[in-house]
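# Chains, contacts and geometry: an overview
So the chains spell out like this:
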Amino acid sequence: MQAGTTCDVFVKENLEWLAAATGWSKFLLAASAGVLQKGHLSASQQVLAAYLPGSGSGPYAEGGGLYGLGLIRANQFDFETKNYLLSQLTAAPNYSQNNFDPYQHGACLGLGLMAMGTNDPALKNILFGQSSIAGEAAALAMGLVSLESNSEEVFLELYNHAQETPHDRIIRQSSLGAALVLFKNELKAEPYIDMLVNNMEPMIRYGGMFAIGLAYCGTNNTNAVKRLLHFSVLDVCMDVRRAAVIALGFIVCDPVKAVNMLLPLAQDSVDFVRQAGSLAFRPTAVIGLTCDLLAPLDFKIRCDISPEKIAYTEPFDQSKKSDKKEATVAVRFYTQTT
């Protein structure tokens, strides 16, 4: 909601609560600072100084800070920032392997976002390492760096690694990375799409659904839509069916067509498919529906909600721990008796 606004009122009013964050919560907290500062390039490292390496904030916060740096500079390539992130990938801070993983995870994501579409090969060594946490980020970052390139070399590296690795995390992200390589390539991407969607591994087919959606993004291509509808109904894996429905939203950019096609899927008996149908709707396709649940060709939007309804939530009050404890006891008692 506040991406790129630099508005940090919520953070300032809840410092005590945010200070209690640990582990991956701390990682996301640091990364969210990058979301607030997105696009403010001149002072990107200064505004994240409290989270970047050398600040002493710990591996999760520092990893999140590196990810946040990439979010600030997303698709805004800069040699100085690239060299800085690469140096952090090869650095060896005094962390155990478990603590080094989130550090590398953030550095990979930051580099992928910042170097989007530049075809930089620097992430291969991380991908082929032993860590699943760093490896999944490196796989996704390789796809971002090779975005729209349709590079056979990068695609096959990600595809083959997805088939060989024992880590489910890396399989999923490698297939998604391979899909990013095919972005907006349409017919040129078809041989690679076939490799993904015909694979026996569900997580690779999962990436295949996004490959179709990305390759034909915004085209309203009938054949691609039919293909995704087929998988959304008949695939044996619910994750693949959900991905197929979400990918439909990438292809269908006409609001009326989107509603008519996605509405039955949003009412599917399988909850995963219903959720995906909701995610796939464009905002313009769901605001102002007629009584027949169709999108009118011309409509205007007016919001009469009072400002206090969308105000900031009240600052978190840690003094109510006793209430939380009593609620926990009540829930446990109820679940035991039922």
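Residues numbered from 1 in each chain as written. Predicted model: local features only at pLDDT ≥ 70, side-chain atom pairs only at ≥ 80, totals over all residues. Heavy atoms only, no water.

## Some points on the side chain of S175
Rules: Counting from the N terminus, the helices are DSSP H or I runs at least four residues long and the strands are E runs at least two residues long. Any two residues whose heavy atoms approach within 4.5 Å at even a single point are treated as in contact.
Within the secondary structure, S175 sits in helix α11 (residues 168–181). When sequence neighbours within four positions are dropped, the list of residues in contact with S175 reads M203, I204 and G207.

## Some remarks on the side chain of S131
For the record, the criterion: Under the scheme applied here, a residue whose accessible area is under 20% of the maximum for its type counts as buried, over 50% as exposed, and between as partly exposed, the area being computed with a 1.4 Å probe on protein chains only. What qualifies as a polar contact is a pair of N or O atoms within 3.5 Å, subject to a donor-acceptor requirement within protein and to the restriction that residues adjacent in sequence count only when both atoms come from side chains.
Mapping S131 onto the fold places it in the loop between α8 (124–127) and α9 (132–145). According to the relative accessible area criterion, S131 is buried, its value standing at 13%. Reaching out from S131, the side chain makes a polar contact with the side chain of D101 at a distance of 2.9 Å. Among the polar contacts made by the side chain of S131, one reaches the main-chain amide nitrogen of I133 at a distance of 3.4 Å.

## Brief notes about the nonpolar core
Going by this rule: Only buried residues count toward a nonpolar core, which is a set of Ala, Val, Leu, Ile, Met, Phe, Trp, Tyr and Cys residues joined through side-chain atoms within 4.5 Å.
Core analysis: the largest hydrophobic core is formed by 72 residues, its most contacted members being L123, I193, M209, I212 and L228. With nine residues, the single largest contributor to this core is helix α13 (residues 202–215). With residues near it in sequence (within four places) discarded, L228 still touches M209, I212, A244, A247, L248 and I251.

## Section: α9
Just so we agree on the cut-off: To estimate the expected span of a helix, count its residues, drop one, and scale the result by 1.5 Å.
Compared with an ideal rise of 1.5 Å per residue, which puts 14 residues at 20 Å, α9 spans 20 Å between its outermost C-alpha atoms and is within 8% of the ideal. Counting buried residues in α9 gives 13 out of 14 residues, a clear majority hidden from the surface. You can read the cap of α9 off the contacts: a side-chain oxygen lies 3.4 Å from the backbone nitrogen of I133, and it is on S131.

## Things to note about unusual backbone geometry
A positive phi is found at T6, a non-glycine position, where the angle reads about 65°. Within the element layout of this structure, T6 appears in the segment before α1 (9–13). Its identity is not glycine, yet N75 carries a phi of approximately 60°, on the positive side. By the secondary structure assignment, N75 is in the loop between α5 (59–72) and α6 (79–90).

## Details of the environment of Q173
Along the chain, Q173 falls in helix α11. Residue classification places Q173 among the buried residues on the basis of a relative accessible area of 15%. Along the primary structure Q173 and G135 are separated by 38 residues, whereas in three dimensions their C-alpha atoms are 8.7 Å apart. Discounting chain neighbours no more than four positions away, the residues touching Q173 are E136, A139 and L140.

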